[in-house]
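# A closer look at the structure
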Amino acid sequence: MNNILTILLGVLLTSALLVGGVIYRRQRFRLIQKKNQQQELHHTNARLLQLSTMSPVVLYTCVASGDFRITWVSDNITSQLGYSPTEVLADPDFWHNHIHPDDRVGIFSRLTELFVQGQHSHEYRFQIKSGEYRWMLNPLRIVTNAAGVAQEIVGTLIDVTENRAMRIALVEREQQLHAILNNAPDGIITLNQEGHIKSFNVSAEVIFGYRADEVTGQHFSLLIPDPTASGYDNYLRRYAEAGIHRAVHKVTARRHDGSEFPLTLTIGIFKQESQLM
């Protein structure tokens, strides 16, 4: 009897040790797994912090009503705008007070679009730490709860001052070019590589009797029913391959009323966005 009890106790003790060993190994594995996850999370957070610090895009969140107070802002606001996150978060009216006065009313009146569409983007002047106003692109997105109620707004600030200046300069240049073309005494027509009319100046309207909107998109042969016009694309390629950027032809042209007249056609070739013109 004693031997049987001894054997049973031994079996129970062995089983307990085995179960305990399994539980210990499982707990140890979970601890190691948790530690690895924490290390990975720490590494990811450190990497995100490094990327956000180097990024030119400032991230922030704000309340979705009332004064739209900023609740969090990325650390790179210091390198981009000069303010510390503490300065931003300490002032409930920080965003409102730093928008240019001439832009402020328009910005807040258009915020209704954000709540209707769930996202919105606008450009305005924003005062940085130095006192200078810089143009900011400010995309916004609403974050809602399961019931669809707005919880907060997530936004980004991107300094687009230089890009905006370039866009304005480009528009001004195009306007100047348009004015020059429309005041030129000669008829000036621009065509694409296939010979379709892209622009038609005022003098060309007088010469041919067409309005610009009547001929834009039409093939050049509408004005010059001549092999020179119908084979324009071939001429263009041959001239480009031969390095010829200017050629003169004597052709017969046709006005809107159908009458024909002799015309000296000067062809100038240039490239725009890799397309021959």
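Residues numbered from 1 in each chain as written. Predicted model: local features only at pLDDT ≥ 70, side-chain atom pairs only at ≥ 80, totals over all residues. Heavy atoms only, no water.

### Topic: the packing of aromatic side chains
The final tally for this structure, using the stated rule, is 9 aromatic pairs. Ring geometry for tyrosine 83 and phenylalanine 94: centres 4.9 Å apart, planes at 90 degrees, overall edge-to-face. Of this pair, tyrosine 83 sits in the loop between α2 (77–81) and α3 (85–90) while phenylalanine 94 sits in helix α4 (residues 94–98), and the two are 11 residues apart along the sequence. With respect to burial, tyrosine 83 and phenylalanine 94 carry one shared label: buried. Taking 5.3 Å as the distance between ring centres and 50 degrees as the angle between the ring planes, the aromatic pair formed by tryptophan 95 and phenylalanine 108 counts as tilted. Remark: phenylalanine 108 occurs in helix α5 (residues 101–109) and tryptophan 95 occurs in helix α4; sequence separation between them is 13 residues. Among the residues examined, tryptophan 95 registers a relative accessible area of 8% and is labelled buried. A network of ring pairs unites the aromatic residues Phe68, Tyr83, Phe94, Trp95, Phe108, Phe115, Tyr124 and Phe126 as a single cluster. (Phe/Tyr/Trp six-rings, centres within 6.5 Å; stacked < 30°, edge-to-face > 60°. Helix = DSSP H or I, 4+ residues; strand = E, 2+ residues; numbered from the N terminus. Buried < 20%, exposed > 50% of the residue type's maximum accessible area, 1.4 Å probe, protein only.)

### Some remarks on the pattern of salt bridges
Under the defined criterion, the tally for this structure stands at 10 salt bridges. The salt bridge partner of arginine 167 is glutamate 123, with a shortest N-O separation of 3.3 Å. In this pair, arginine 167 is assigned in helix α7 (residues 161–183) and glutamate 123 in strand β3 (residues 119–127), connecting sequence segments 44 residues apart. Aspartate 213 is paired through a salt bridge with arginine 211; the nearest N and O atoms lie 3.0 Å apart. On the accessibility criterion, aspartate 213 (55% relative accessible area) is exposed. (Salt bridge = Lys/Arg side-chain N within 4 Å of Asp/Glu carboxyl O.)

### Focus on the sheet that holds strand β2 (residues 70–73)
Strand order in this open sheet of 5 strands is β2-β1-β5-β4-β3, and the pairing throughout is antiparallel. Both outer strands of the open sheet, β2 and β3, are each paired with one neighbouring strand and no more. Within the sheet, the average angular offset between the axes of one strand and its neighbour, ignoring direction, is 25 degrees. When strand β1 (residues 58–63) meets strand β5 (residues 150–159), the two strands line up antiparallel, connected through 6 bridges. Its bridge partner being in β5, tyrosine 60 is matched across the sheet by glycine 155. Contacting β3 and β4 (133–144), α5 runs over the sheet at an angle of about 165 degrees to β3. Each of β3, β4 and β5 is contacted by α7, which is oriented at about 110 degrees to β4, the strand it contacts most. (Pairing = 2+ DSSP bridges. Axes fitted to C-alpha atoms, helices over the stretch in contact; angles between N-to-C directions. Contact = heavy atoms within 4.5 Å.)

### A look at the nonpolar core
In this structure, Ile70, Leu81, Trp95, Phe126 and Ile153 are the most contacted members of the largest nonpolar core, which totals 25 residues. Looking at this core, the elements that each hand over two or more residues are β1, β2, α2, α4, β3, β4 and β5. Not counting residues within four places of it along the chain, the set of residues in contact with isoleucine 70 comprises Tyr60, Thr61, Cys62, Val88, Leu89, Phe94 and Trp95. Core analysis: the second largest hydrophobic core is formed by 18 residues, Val215, Ala253, Leu265 and Ile267 among them. (Core = buried A, V, L, I, M, F, W, Y, C linked by side-chain atoms within 4.5 Å.)

### Focus: the environment of threonine 252
For threonine 252, the location among the structural elements is in strand β8 (residues 246–254). Considered as a pair, threonine 252 and leucine 223 are 29 residues apart in the sequence and their alpha carbons are 9.1 Å apart.

### Quick look at unusual backbone geometry
Trans peptide bonds make up the majority, and among non-glycine residues the majority have a negative phi. Positive phi outside glycine occurs at phenylalanine 68, with the angle close to 55 degrees. Note on placement: phenylalanine 68 falls in the loop between β1 and β2.

### Some thoughts on the confidence of the model for the chain
Per-residue confidence for the chain gives a mean pLDDT of 78, with 70% of residues at or over 70. Of all the helices and strands in the chain, strand β11 (residues 275–276) carries the lowest mean pLDDT, 50, while α3 carries the highest, 92. (pLDDT = per-residue confidence, 0-100.)

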